[in-house]
Amino acid sequence: MKKFLSLLLALCLVVGMVPLAASAEKVENCQGGDSCQHAAAIGTTHYDTLAEALNAAVDGNTVVVLRKTTIGEPAKIDDGKIVLDMNGQTVSYVPSKSNEALGIIDIAGTASVTVTGNGSFDYTNEYYHSSYNEYGYIFRVQGNANLTIENGDFHAVMTCVQVGQKDPNTVATATIAGGTYSADVLYNDTYWHLNLIDYNAAKPEEDNPDRIIVTGGTFVNYDPSQSKTENPVANFVADGYTVVQNGEKYVVQALSAENAVAQVGDNFYESLQKAVDAVPSGQRTTITLLDNIVMETEDIVTVPQDKELVLDLKEKAITTTSDFEGRPIVNNGVLTITGNGTISSAASESTGYGAVNNYGTLTIENGTYENGKNADAATFYNRAGAIMTFNGGHVQGNAYPAIISISNLIINEGTFENTSCNKNGKTPYYAVLSGGTNGASMTITGGTVIGTQGAAGAIGGTLTVSGGNFITKACAEHGDTGGNIFYALYVAGEEDAVTANITGGDFSTEGNQAAVQIGNDADGGAKKEATVVISGGQYSAPSHVTAVRAADQTGNLTITAGYFTSDPSGYLAEGKAAVESDKAGYNYMVAEAT
């Protein structure tokens, strides 16, 4: 009897160790209806559990969830094309009943699984507090398998979809085309809705052959374009799509005129740099800005040498964060900026250097441009070998000039300002400054240049002026502190010898210095020669101030024509004379001597 009882107890123990899933049954030709209590079906074959149905699925099968159900045992699909039709139902993760393995849906091998039917996954409170909650996955994709999620609601403990298995010879892929994704548990202060397994954690730059591709969906407290689950931070969002944030939700949408930053032809781009990169080499192409941009330093846009672009700002603004460093655009190619928009780094007071760093050919048609209040850099910097042309626009310099050019600068129209002074604790600079030792040239046919401690300056190379207004006035912040208002035009060989030909223009100052100064014998840097011919234009200074002046040793000035508020006789060419002016506001004009 004892032996029989022992055998009976042993048999009971063995039976108790058999996983519950093993006793689950399938029913052929179940007709469904209210009397059907099965969890899932493949055709007319019904299964007690979803895990059993998934484990039984073969190529071409569709597994349909029949009613609200649970999953507490492992399910694995490792071959074939399978569809999981959620049928609008909810599947909840629960603690494992067998105590042998946790409930999880594994997609492995060469399987290709599509999830559709607009159902949902979640978990119970018991699952959350069980020993398996540390896994917290809904789907795990490994090997060469593919998972595509079309729709549904996926609420995980920690991870909705995990992809990869540290095998460089396999490529697992998850494509998220729709659905809503959320999780409750953070790890390292990060939500892990989507996660690639690190192939080589010691060298994350070599990671990872596996892929997550997002073309749709809504993610709660998680941005799939800035996934901090990866090192470095990963962008899972496919080209042609973008993320639109709405509170705690990040919605992935196809790029369009409503959500894109830039447009080229019929194509839309989530960043200006991506639009630039998409332009074919050597083909003049227009990029239209569709939305305002607030730029971080890492977002600086670079135009390659082989690109020819028209950037239409379309009255939009490119501005910067307060810690931005640099200029928003670096041009190495051929770039025209139009559309009457704004490019400003003024929000970054010390390191917002301006608008464009030009190494190529740059044309400004219109718009507003500014650098940081205390930045030690010009709003536009025209580098050696470059060409920069202004046909309009308003350019504001602050502690530094609106423009510094050491190459070829052409100003046809526009307004250029820098009305700061040395009261700011900064070295005073002109609004527009051309020079260097690389044979710089500056040509001005029109526009307005306004400064305090200088409007326009040429300190090396050549200068040609045929029109424009050049004005120096009191400091915008401190007013006239006495002697801080300098020259409307300054031509001196501070960096290299300089020659200038002035045939027109209006030059005026309201300070105690000359409107035009040629040469500098005192603090003129290299003190190389400045040779200037004035054959036209108007030159105005207060009644007690000389309108034009040349330094004794470094300034060579010859005047053949023009209107002046003071007597220019000391600089007249042979055969010329200063006579009474026929123009109001000027005391003298230069004419033929009689």
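Preceding this section is the structure that the text describes.
Note that the coordinates shown come from a computational prediction; the quantities given were computed from them, not determined experimentally.

Conventions we followed
Residues numbered from 1 in each chain as written. Predicted model: local features only at pLDDT ≥ 70, side-chain atom pairs only at ≥ 80, totals over all residues. Heavy atoms only, no water. Helix = DSSP H or I, 4+ residues; strand = E, 2+ residues; numbered from the N terminus. Contact = heavy atoms within 4.5 Å. Pairing = 2+ DSSP bridges. Salt bridge = Lys/Arg side-chain N within 4 Å of Asp/Glu carboxyl O. Buried < 20%, exposed > 50% of the residue type's maximum accessible area, 1.4 Å probe, protein only. Phe/Tyr/Trp six-rings, centres within 6.5 Å; stacked < 30°, edge-to-face > 60°. Lys NZ or Arg CZ within 6 Å of the ring centre and 35° of its normal. Core = buried A, V, L, I, M, F, W, Y, C linked by side-chain atoms within 4.5 Å.

J.: Describe the environment of Ala 593, listing the residues and the values that go with them.
T.: With respect to the element layout, Ala 593 can be found in the segment after strand 54 (588–592). Spatially, the C-alpha atom of Ala 593 lies 4.8 Å from that of Ala 577, the residues being 16 residues apart in sequence. Setting aside residues no more than four positions away along its own chain, Ala 593 makes contact with Gly 575, Lys 576 and Ala 577.

J.: Residue-level account of the pairing of strand 16 (residues 173–176), with values.
T.: As judged from the four bridges shared by strand 13 (residues 146–149) and strand 16, these two strands associate in the parallel manner. Across the sheet, Leu 147 pairs through a bridge with Ala 174, a residue of strand 16. Looking at chain direction, strand 16 and strand 19 (residues 211–214) are connected through four bridges and run parallel. Across the sheet, Ile 176 pairs through a bridge with Val 214, a residue of strand 19.

J.: Which residues make up the pattern of salt bridges, and what are the values?
T.: The full count for this structure, using the stated rule, is six salt bridges. The residue Lys 274 makes a salt bridge to Glu 270 at a minimum N-O spacing of 2.5 Å. Of the residues examined, Lys 274 reaches a relative accessible area of 29% and is grouped as partly exposed. Salt bridges linked by common partners bring Asp 239, Glu 270 and Lys 274 together as one network.

J.: If you had to explain the packing of aromatic side chains to someone new, which residues and values would you point to?
T.: Summed over the entire model, instances satisfying the criterion amount to 21 aromatic pairs. Ring geometry for Phe 219 against Tyr 222: centres 5.9 Å apart, planes inclined by 50°, an arrangement best described as tilted. Tyr 222 matches Phe 219 in its accessibility class, with the two residues each being buried. Centre to centre, the rings of Phe 390 and Phe 416 are 5.2 Å apart; their planes meet at 85°, and the pair counts as edge-to-face. Taken together, the positions of Phe 390 in strand 37 (residues 387–396) and Phe 416 in strand 39 (residues 408–418) put the pair 26 residues apart, joining distant regions of the chain. Like Phe 416, Phe 390 is buried. If you follow Lys 583 out to its NZ or CZ, it ends over the ring of Tyr 563, 4.4 Å from the centre.

J.: I'd like to hear about the nonpolar core, residue by residue, with values.
T.: If you look at the biggest cluster of nonpolar residues, it comprises 69 residues, and the most contacted ones within it are Ile 287, Ile 337, Phe 380, Phe 390 and Ile 403. If one sorts the elements of this core by residue count, strand 50 (residues 530–540) sits on top with four residues. When neighbours within four sequence positions are excluded, Ile 337 is seen to be in contact with Leu 311, Leu 313, Ile 329, Ile 343, Val 356, Leu 362, Thr 363, Ile 364, Glu 365, Asn 366 and Tyr 369. Ala 53, Val 161, Ile 176 and Phe 219 belong to the second-largest nonpolar core, a separate cluster that totals 52 residues.

J.: Explain the sheet that holds strand 19 residue by residue, including any values.
T.: In spatial order, the strands read 1-3-2-4-7-10-13-16-19; together these nine strands make up an open sheet with mixed pairing. Both outer strands of the open sheet, strand 1 (26–27) and strand 19, are each paired with one neighbouring strand and no more. Pairing geometry for strand 7 (residues 81–85) and strand 10 (residues 112–116), over five bridges, is parallel. Directly across from Leu 84, in strand 10, lies its bridge partner Val 115.

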